[in-house]
Amino acid sequence: MSRFGSFVKFLAPLVAALVIAVAIIPGAASAQSSYRFVVVTHGQASDPFWSVVKNGVDQAAKDMGVSVEYQAPGRFDMVAMSQLIDAAVASKPDGLVVSIPDANALGPAIKRAVDAGIPVISINSGSDVAASLGVMIHVGQTEFEAGQGGGTQMGNAGVKHALCVNQEVGNTALDLRCAGFKDTISKAGAQVDVLAVDLANPTDSQQRIQGALQADPTIDGVMTLGPTGASPALAALTAMGKLGQVKLATFDLSPDVLTAIAQGNMLFAIDQQQYEQGYLPIVLLKLYKANLNTIANPVLMTGPGFVTKDTAQRVIDLSKAGTR
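What comes next concerns the included structure. (Residues numbered from 1 in each chain as written. Predicted model: local features only at pLDDT ≥ 70, side-chain atom pairs only at ≥ 80, totals over all residues. Heavy atoms only, no water.)

**Description of the overall build of the protein**
In terms of regular secondary structure, the protein is built from 12 helices and 11 strands. Taken across its 324 residues, the protein has 52% of its residues classed as buried. Expressed as a percentage of contacts within the protein between residues at least 6 apart in sequence, the contacts between residues at least 24 apart total 75%. With an accessible surface of roughly 12,900 Å², the protein has 53% of that area assigned to carbon and sulfur atoms. (Helix = DSSP H or I, 4+ residues; strand = E, 2+ residues; numbered from the N terminus. Buried < 20%, exposed > 50% of the residue type's maximum accessible area, 1.4 Å probe, protein only. Contact = heavy atoms within 4.5 Å. Areas by Shrake-Rupley, 256 points an atom, 1.4 Å probe, with all protein chains shown as cover.)

**Thoughts on the sheet that holds strand E5 (residues 137-139)**
Sheet architecture is open: 5 strands sit in the order E2-E1-E3-E4-E5, paired in parallel fashion. A single partner strand is all that each edge strand has here, and the edge strands are strand E2 (67-71) and E5. The sheet shows a mean angle of 20 degrees between the axes of neighbouring strands, taken without regard to direction. Alignment of strand E1 (residues 36-40) against E2, held across 5 bridges, turns out to be parallel. By the bridge assignment, valine 39 is partnered in E2 with tyrosine 70. Its contacts with the sheet place helix H3 (residues 48-64) against E1, E2, strand E3 (95-99) and strand E4 (120-123), and it is angled at close to 165 degrees to E2. (Pairing = 2+ DSSP bridges. Axes fitted to C-alpha atoms, helices over the stretch in contact; angles between N-to-C directions.)

**Points about the pattern of salt bridges**
Inspection of the entire model under this criterion finds 8 salt bridges. Arginine 36 is paired through a salt bridge with glutamate 69; the nearest N and O atoms lie 3.2 Å apart. Within this pair, whereas arginine 36 is found in strand E1, its partner glutamate 69 is found in strand E2, the two being separated by 33 residues in sequence. For the salt bridge of aspartate 86 with arginine 112, the shortest nitrogen-to-oxygen distance reads 3.0 Å. With aspartate 86 in helix H4 (residues 78-90) and arginine 112 in helix H5 (residues 103-115), the pair connects residues that are 26 residues apart, well separated along the chain. We classify arginine 112 as partly exposed; its relative accessible area is 42%. Connected through salt bridges with shared partners, the residues Glu143, Arg177 and Asp252 form a single ionic network. (Salt bridge = Lys/Arg side-chain N within 4 Å of Asp/Glu carboxyl O.)

**Topic: the state of the cysteines**
Per the stated rule, a full pass over the model turns up 1 disulfide. Covalently, cysteine 164 is tied to cysteine 178 through a disulfide, its sulfur atoms 2.2 Å apart. Here cysteine 164, found in strand E6 (residues 161-166), pairs with cysteine 178, found in helix H7 (residues 172-187); they are 14 residues apart in sequence, far enough to count as distant. Across the pair, exposure class does not vary: cysteine 164 and cysteine 178 are buried alike. (Disulfide = S-S within 2.5 Å.)

**Brief notes about helix H10 (residues 255-262)**
All of the buried residues in H10 are Val257, Leu258, Ala260 and Ile261. Summarising the axial view, the buried residues of H10 lie within an arc of 160 degrees, below the 170-degree limit, and thus occupy one face. As for H10, its buried residues are in contact with helix H9 (227-239), strand E9 (247-251), strand E10 (269-271), strand E11 (305-307) and helix H12 (309-319). One or two residues past the end of H10 sits glycine 264, with phi positive at roughly 85 degrees. (Arc of directions from axis to C-beta.)

The structure is reproduced here in structure tokens:
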């Protein structure tokens, strides 16, 4: 069984068990409506990745019978995100969920939440720093190891000179992804160059990728660190007539990514199952508040998995429901 299949097989009964556990807590039904949680991430709900996270949050709130607010800055802005965390703490929620793309910038605000007695769970990014900040548990994947998996896959595909496209410079999680990717593929003798692109400007990102490929025709593989990098990379390779010639892979899922994998134009996507990153923290906070349950840190159950041509169509079907 693939790592992807193993994660799905492991995760499904665990989620079911968590939901059942909440349902049978004595007196939980009467307390359900009184809990209010706040989720603050660095990703906007309009983003194709983070919209699925929010769908998980919303469904968990419904299933757990709690009130949850999802908040994010209008763009990747650590000052604004820190302010959102402080505002959430001031509102005295029963629990807080945060992503931690930059521990230096967000750490003080997160510690203020912990010092205020608010249980905090981190998701997506921050697995390496969560415990040091007083976070109860991290739900997500370890980014360096996920990058290593991607490097192994692309190395096995024969890539000798790869371009790692970073669409969000300053995001520690993305830096770790690229570092892990470089760690394993370089051991196979491959060279890796890092290219920074502008998250907010897909056209400029496409042009930068095309420029890098034109400047060095030995580049035979491109690894992007998210869908906002993958779509410009697909456009660049298509415009240059190199789609299928230069091997392409990415982290995370989007409709464009899944279609490209299904059509054989992309090798794979590293899947951290973002729906569960939104869903599980709400369940865990409810269990903690209603029954003082805790789980050993971290919960590295959401990834990495790999979506390949063999599984892409099934994931496309599931994505129509907003859960993938």
